[in-house]
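One-letter residues, chain by chain:
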Amino acid sequence: MKTPYGFLIPTLFLIFLVGIGPVLQSFLLSLSEFSLLNPSMSPVGFHNYIALLTDSIFWNAIQVTLFLVIGSVLLELIVGIFLALLITNSGSRSRRVFSSIFVIPIAIAPIVTGILWSPNSVFDDLNTLLYYGLSLGAYIDTSIPSTYYSLIMISDAYIWAPLFMLVTVAIIHSIPKELYEAADVMGASAWTKFQKITFPAIISSPIIVVTLLLRTADAFRMFEVPYAWSFWLGQDSILGSPVDTVSVLMWKMFSSTLYDFPIAQITAMAIVLLIITLATCSLVLRRYSNVLE
Amino acid sequence: MTSISLQSISKSFDNNKNFAVNDITLKILDKEFLVILGESGSGKSSLLRLIAGLEEPTLPGDILFDSKNMKEVPPRNRDVSMVFQSYALFPNMTVFDNIAFPLVASESNKLDVDTEVKRISSLLKIEDLLERKPSTLSGGEQQRVGLGRAIIKQPKVFLMDEPLSNLDAALRAELRTEIKKLHNKLQVTTVYVTHDQTEAMTMADRIAILKDGKIIQVGTPEEIYNNPAHSSTAEFIGSPPMNLIKVQADNNILTVGSQKIAFSNSASGSIVMGLRPENITVVGNNGKLSGTVSFFEYLGDSKIINLTIEDELIKIKVSDTTGISIGDKLSIDFNVEDIRLFHVNGNSMK
Amino acid sequence: MSQFKKNNTRYIRYMLLLAASLWVLWPISIMIEEGFRVDIGPLFSGRGASFIGEFFQGQGGIRFSTIEYVKALRIEAYPRLLINSVIIAGSSVLVAALAGVPAAFTLALYNFRGKPFITYSLLALRTISPFAVLLPFFLIYGRLGLFDTYRGMAIVYLIINLPVLTLMMRGFFKDIPKEIYEAAFISGASNSYVLRRVALPLALPGLAAAAVFAFVGTWNEFFYALFLTGTVTKTVSRGVWSGFSESIESFKILEFDELNAGGTLAIIPAVILALAVQKYLARGLTLGAAK
């Protein structure tokens, strides 16, 4: 049958309208001097990129982003696998009930997660318990970097660990039962079975690799939770504060009048981020074609 | 009123490294029931799908229906019908809608849907199932619906892709007869793909045997049975298949191990002798060959003696094995006219 | 002995499952509960104060009250924000489905030049940093008057919904056995007939799941809403942050209990919908890689 190219036209049109077109314009913007106050564009070549790459605030943001991306994605993976193992070893009724509970965070808007895990919520409970309840006199100080970095990672993992759980459960279900039966016959312990059958299957599955890459690409644009935290910490107007991921940094530059709308610089930053995303995507696609086609 | 002509058709799924269908030229006659017989992976389904237009030939080559080149014609306009191994019924539609589908779906239809479905369903004895969904039917019933859907649009050509392979033995025999009867009645050119030699032998006007993407023999079932053109054809047809025995040929003498058979032929050196199990008889002594009984196989109506003659194992089909037991020395005889000779590479010697 | 050991492992497993459930539900329960309180303190006065006040010092100004929910639901903005979110997400998903379903059908059934380009573009669109497209949208919307309009927001959210609908539906179309399509084509059906009468009816549960999935994604989206919505089209998830109980035109400093009441109201529809399509969550989030 002949390919019905007509069927593709609306989608192609929309891809250009909301994707390729705006990206191209962003790229053009990033090559020129431009601000809302002075909307005439004058080309400056890669000046904005050079300025960006020599800007310590930008490098700080890149560092914060990378740190948070790696930390939260790893945490999600580990917690997700752990939850999946708990779930798959349970009876079918409790499996249904608990997996329904565990997937709830996926549906929660990231900005709400920023509220859920705010210093005022869970940690007030914990601190009250630690300080007064147990009379330890110690408490979790949410204003020191190591704490709030962990907390940002934890709140990102709160949303996305269940995804790794779902994916891992799917992988575990695809492992042939005969493997476990053979192991049982040979008298293998539960730990041996996990070590020799389950874990290698999970780690070598292309699905988990695809999920990891997609999550990584997503995590690079991490915004809502650090955004909320910049408020909790009162750093919502300070450029280059310790919670500035690249996205949060761009938002601050964008929304604050103090910095004279350095739009060209923001777009340059966005393009850098886009390149990271596209690179991750082509990695995904290389794997993805194995998984899907 | 359609003959099909395949002219050097090839199909590769990996950029011309391996060919599923390798340069096949074949003429299928009008009203003929042609069976394409081959093992799985022989390319027989690909060949059928090429005729249907579901695949496009890789290299230049033509498919003609009568004299019309079908190269640029999409499947929906080729005026063929196809029956699938998996039935491929539309699970969301009733039997009625499934059968009516070809009439409803094509814009050019002028037949009355209701009367046609009634007629076809009574022909296939599925009138009572019209309101049911396919998932509630047995395999045999589903394939009847599949046949109905194929027949209703009165195509030029029927293509059947192992339609009976998913059915159990009894149903298979029943539907086999029925498909053959349908063909006799409708007189439509039919290409039928199967790996089952019984289907091929019982249904075909002609059989085309496919191996590794190439046709190794085309002929009527009798021709294929009597004169296999290749040792693998000989192995494919017959139950049990033809014995293939390594022999040395020299001066009109065939030597099996150390035993000699006089048989006038032009060959010399190592060749393969073919002999059908049903053409061999057990004699007291003075047969052409002798060996030791290794074991028996019971087929119900007949029995098979497995006889070891030096290094060769030969199957003999007999009706009775009374008085013979494992380990006995046995002498066998046969007509030398039943001997078929093959080169070591498999080609028949003529 | 092994019976004892077996019971023991089961006991431990259940404890761990309950602990994990607590990890999931505890923050949510705090949010719901906080929403039911009135806080005497100013912005972000927090919860510790209330706890201490009530249980340890016997004083403090915290009372159980439904006032935040009542305010949010009855007086002011929540119903309006809800309608905004539904209109925007609904229309965007609808457009994405209308465009994406035929494309998904083609991607599932055919091999053609440019197919990798389309797949790659969709994947990139799904993972793109919002800032890479935001400024052009910002500038153009300002010029065309699309800023803070339903139309404008529905278009922006195609960035999320088009990849989800197209790639998920492509997977569902691929799940239908190839022979079904072939039988239909050989029967004389055209592409659009096969799509409408064969593929779509069979993939209808999938379409519903993909639509719900995309809807929830749009509902939860905060970033584009933060920049491109205004007083007319402000969505629920933006409203959570900038205030429910005031009329949506205004901006005011939030109080913590109000924030929590808003958060609770915002997640209820999303959680219900997500649980309804639970079976397809992994598939949607990995764009079809996990089945």
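Predicted, not measured: the structure shown is a model, and the values here were computed from it.

Asks: Just checking my understanding: could you explain the overall build of chain C for this structure?
Replies: Along its length, chain C carries 15 helices and two strands. Taken across its 291 residues, chain C has 60% of its residues classed as buried. A separation of at least 24 residues holds for 74% of the contacts in chain C among residues at least 6 apart in sequence. If you sum the accessible surface of chain C, you get close to 11,300 Å²; carbon and sulfur atoms cover 67% of it.

Asks: Would you take a moment to explain the overall build of chain B for this structure?
Replies: Helices and strands together make up the secondary structure of chain B, namely eight helices and 20 strands. Dimensions of chain B, computed from C-alpha atoms along their principal axes, come out at roughly 75 × 45 × 35 Å. Counting only residues that meet the buried cut, chain B has 52% of its 350 residues in that class. Partitioning the intrachain contacts of chain B with sequence separation of at least 6 by distance along the chain shows that 66% fall at a separation of at least 24. In the form shown here, chain B has an accessible surface area of approximately 15,600 Å², with 48% of it arising from carbon and sulfur atoms. Considering chain B, the positive charge centre built from 38 side chains and the negative charge centre built from 44 side chains are found 3 Å apart.

Asks: Please explain the environment of Ile28 of chain B as it appears in this structure.
Replies: Within the secondary structure, Ile28 of chain B is located in strand 2 (residues 19-28). Discounting residues that sit within four places of it in the chain, Ile28 of chain B has contacts with Ser3, Ile4, Leu34, Ile51, Thr189, Val191 and Arg206 of chain B.

Asks: Mind showing me how you'd approach the interface of chain C and chain A here?
Replies: Quoted interface sizes are often the accessible area lost when the parts come together. Facing 99 residues of chain C, the contacting portion of chain A comprises 97 residues. For the chain C face of the interface with chain A, the top three residues by lost area are Trp23, Phe131 and Trp241 of chain C, together amounting to 8%. Summed over the shared surface of chain C and chain A, the result is one salt bridge. Across the salt bridge formed by Asp218 of chain A and Arg126 of chain C, the nearest N and O atoms sit 3.1 Å from each other. Where chain C touches chain A, the interface holds twelve residue pairs in polar contact (both at pLDDT 80 or more). Tallied by class, the residues present in the side of chain C that touches chain A amount to 72 nonpolar, 20 polar and seven charged.

Asks: What should I look at first to understand the packing of helix 3 (residues 56-88) of chain A against helix 4 (residues 92-102) of chain A in this one?
Replies: Residues and elements named next belong to chain A. Between helix 3 and helix 4, the least distance of the axes is 9 Å, while the angle of their chain directions is 160 degrees. By the angle between their directions, the pair helix 3 and helix 4 is classed as roughly antiparallel. Between helix 3 and helix 4, the contacting residues are Leu83, Ile87 and Thr88 on the first element and Arg95, Phe98, Ser99 and Phe102 on the second. The residue inventory of the contact of helix 3 with helix 4, partitioned by class, reads four nonpolar, two polar and one charged.

Asks: Please clarify how empty space enclosed by the protein should be interpreted in this entry.
Replies: Unoccupied space between atoms shows up once a probe the size of one water molecule is rolled over them. Evaluation of the coordinates by the stated rule reveals four cavities of 30 Å³ or more. Counted as a void, the largest cavity has a volume near 840 Å³. Around the largest cavity sit 39 residues that line it, and Pro110, Trp160, Asp218 and Arg221 of chain A together with Gly217 of chain C are the ones nearest its centre. Counting residues per element, the lining of the largest cavity draws most heavily on helix 11 (residues 204-220) of chain C, at five residues. The residue inventory of the lining of the largest cavity, partitioned by class, reads 28 nonpolar, four polar and seven charged.

Asks: When you look at the sheet that holds strand 18 (residues 312-318) of chain B in this model, what are you seeing that I'm missing?
Replies: As a general point, the strands of a sheet are linked pairwise by backbone hydrogen bonds and lie either parallel or antiparallel. Residue and element names in this part refer to chain B. Taking strand neighbours across the sheet as the criterion, the five strands line up as 15-19-16-17-18 in an open arrangement whose pairing is antiparallel. Both edges of this open sheet fall to strand 15 (281-283) and strand 18, since each of them pairs with a single strand only. Strand-to-strand twist in this sheet, taken as the mean axis angle between neighbours without regard to direction, amounts to 50 degrees. With seven bridges connecting them, strand 17 (residues 303-309) and strand 18 associate as antiparallel partners. Of the residues in strand 18, the one forming a bridge with Ile309 is Glu312.

Asks: Help me out: how do you make sense of the pattern of salt bridges in this one?
Replies: A side chain of one charge can pair with a side chain of the opposite charge when the charged atoms of the two come close. All names here are of chain A. According to the stated counting rule, one finds 21 salt bridges over all chains in the structure shown. The closest approach of N and O atoms between Lys193 and Asp184, which form a salt bridge, is 2.8 Å. The class for Asp184 is partly exposed, based on a relative accessible area of 43%. Between Arg215 and Asp218 there is a salt bridge, with the nearest N and O atoms lying 3.5 Å from each other. Separated by three residues within a single helix, Arg215 and Asp218 lie in helix 11 (residues 206-220), roughly one turn from each other. For the residue pair Arg215 and Asp218, the accessibility class agrees, reading buried in each case.

Asks: Please explain the side chain of Lys115 of chain C as it appears in this structure.
Replies: All names here are of chain C. Mapped onto the fold, Lys115 is located in helix 5 (residues 115-127). Of the residues examined, Lys115 reaches a relative accessible area of 8% and is grouped as buried. At 3.0 Å, the side chain of Lys115 and the backbone oxygen of Leu107 are in polar contact.

Asks: Got a minute to help me understand the environment of Glu278 of chain B in this structure?
Replies: Residue and element names in this part refer to chain B. With respect to the helices and strands, Glu278 occurs in the loop between strand 14 (269-275) and strand 15. Note: C-alpha distance between Glu278 and Glu178 (100 residues apart in sequence) is 29 Å. Not counting chain neighbours up to four residues away, the residues in contact with Glu278 comprise Tyr225, Pro240 and Lys317. A polar atom in the side chain of Glu278 sits 2.4 Å from the side chain of Tyr225.

Asks: What's the story with the layout of surface pockets in this structure? I'm lost.
Replies: Here the second largest pocket defines a volume of roughly 1,000 Å³. In this structure, the second largest pocket is lined by 29 residues; those nearest its centre are Leu54 and Glu55 of chain B together with Leu109, Tyr110 and Asn111 of chain C. Among the elements of the structure, strand 1 (4-12) of chain B together with helix 4 (78-109), helix 8 (158-175) and helix 9 (178-186) of chain C are those that each provide at least two residues to the lining of the second largest pocket. With four residues, the top contributor of residues to the lining of the second largest pocket is helix 9 of chain C.

Asks: Even after reading the chapter, I still don't get the packing of helix 5 of chain C against helix 8 of chain C, so can you show me in this structure?
Replies: Residues and elements named next belong to chain C. Between helix 5 and helix 8, the shortest axis-to-axis distance is 8 Å and the interhelical angle comes to 130 degrees. If you check the angle between helix 5 and helix 8, you find them oblique. Classified by chirality, the crossing of helix 8 by helix 5 is left-handed. Side by side, helix 5 and helix 8 meet where Lys115, Thr119, Leu122, Leu123, Leu125 and Arg126 of the first sit next to Ile159, Leu162, Pro163, Thr166, Leu167 and Arg170 of the second. Of the residues that constitute the contact of helix 5 with helix 8, the class distribution is seven nonpolar, two polar and three charged.

Asks: Can you walk me through the packing of aromatic side chains in this structure?
Replies: Counted according to the given criterion, the structure contains 38 aromatic pairs over all chains. Here Phe90 of chain B and Phe101 of chain B contribute two aromatic rings whose centre-to-centre distance is 4.4 Å and whose plane-to-plane angle is 45 degrees, an arrangement assigned as tilted. Placement of the pair is Phe90 of chain B in the loop between strand 6 (80-83) and helix 2 (95-105) and Phe101 of chain B in helix 2, with a sequence separation of eleven residues. Take Phe90 of chain B and Phe101 of chain B: they sit in the same class, and that class is buried. Ring-pair connections join several aromatic residues into one group, and the members of that group are Phe223, Tyr227, Phe231, Trp232 and Trp251 of chain A together with Phe131, Tyr157, Phe222, Phe223, Tyr224, Phe227 and Trp241 of chain C. Just above the ring of Phe90 of chain B sits the side chain of Arg149 of chain B; from NZ or CZ to the centre is 4.9 Å.

Asks: So what exactly am I meant to see when it comes to unusual backbone geometry here?
Replies: Glycine aside, residues mostly have negative phi, and peptide bonds are mostly found in the trans state. Residues and elements named next belong to chain B. Residue Pro240 is bonded to the preceding Ser239 through a cis peptide linkage, with omega at -5 degrees. When you line up the elements, Pro240 lands in the loop between helix 8 (231-236) and strand 11 (243-250). For Asp79, which is not glycine, the phi torsion reads 60 degrees and is therefore positive. Taking the relative accessible area as the measure of exposure, Asp79 reaches 28% and is therefore partly exposed.

Rules used throughout
- Residues numbered from 1 in each chain as written.
- Chains lettered and ligands numbered in written order.
- Predicted model: local features only at pLDDT ≥ 70, side-chain atom pairs only at ≥ 80, totals over all residues.
- Heavy atoms only, no water.
- Helix = DSSP H or I, 4+ residues; strand = E, 2+ residues; numbered from the N terminus.
- Buried < 20%, exposed > 50% of the residue type's maximum accessible area, 1.4 Å probe, protein only.
- Contact = heavy atoms within 4.5 Å.
- Areas by Shrake-Rupley, 256 points an atom, 1.4 Å probe, with all protein chains shown as cover.
- Lys, Arg positive; Asp, Glu negative; His and termini not counted.
- Charge placed at Lys NZ, Arg CZ, Asp CG, Glu CD.
- Buried area = accessible area lost by both parts, 1.4 Å probe.
- Salt bridge = Lys/Arg side-chain N within 4 Å of Asp/Glu carboxyl O.
- Polar contact = N/O pair within 3.5 Å; in protein donor to acceptor, adjacent residues only side chain to side chain.
- Nonpolar A, V, L, I, M, F, W, Y, C, P; charged D, E, K, R; others polar.
- Axes fitted to C-alpha atoms, helices over the stretch in contact; angles between N-to-C directions.
- Parallel < 35°, antiparallel > 145°, perpendicular 65-115°, else oblique.
- 1 Å grid on protein atoms, 1.4 Å probe; cavity = no way out; pocket = protein on both sides within 12 Å on 5 of 7 lines; lining within 4 Å.
- Points joined across faces, edges and corners; volume = space filled by probe spheres on them.
- Pairing = 2+ DSSP bridges.
- Left-handed = near helix turned anticlockwise from the far one by under 90°.
- Phe/Tyr/Trp six-rings, centres within 6.5 Å; stacked < 30°, edge-to-face > 60°.
- Lys NZ or Arg CZ within 6 Å of the ring centre and 35° of its normal.

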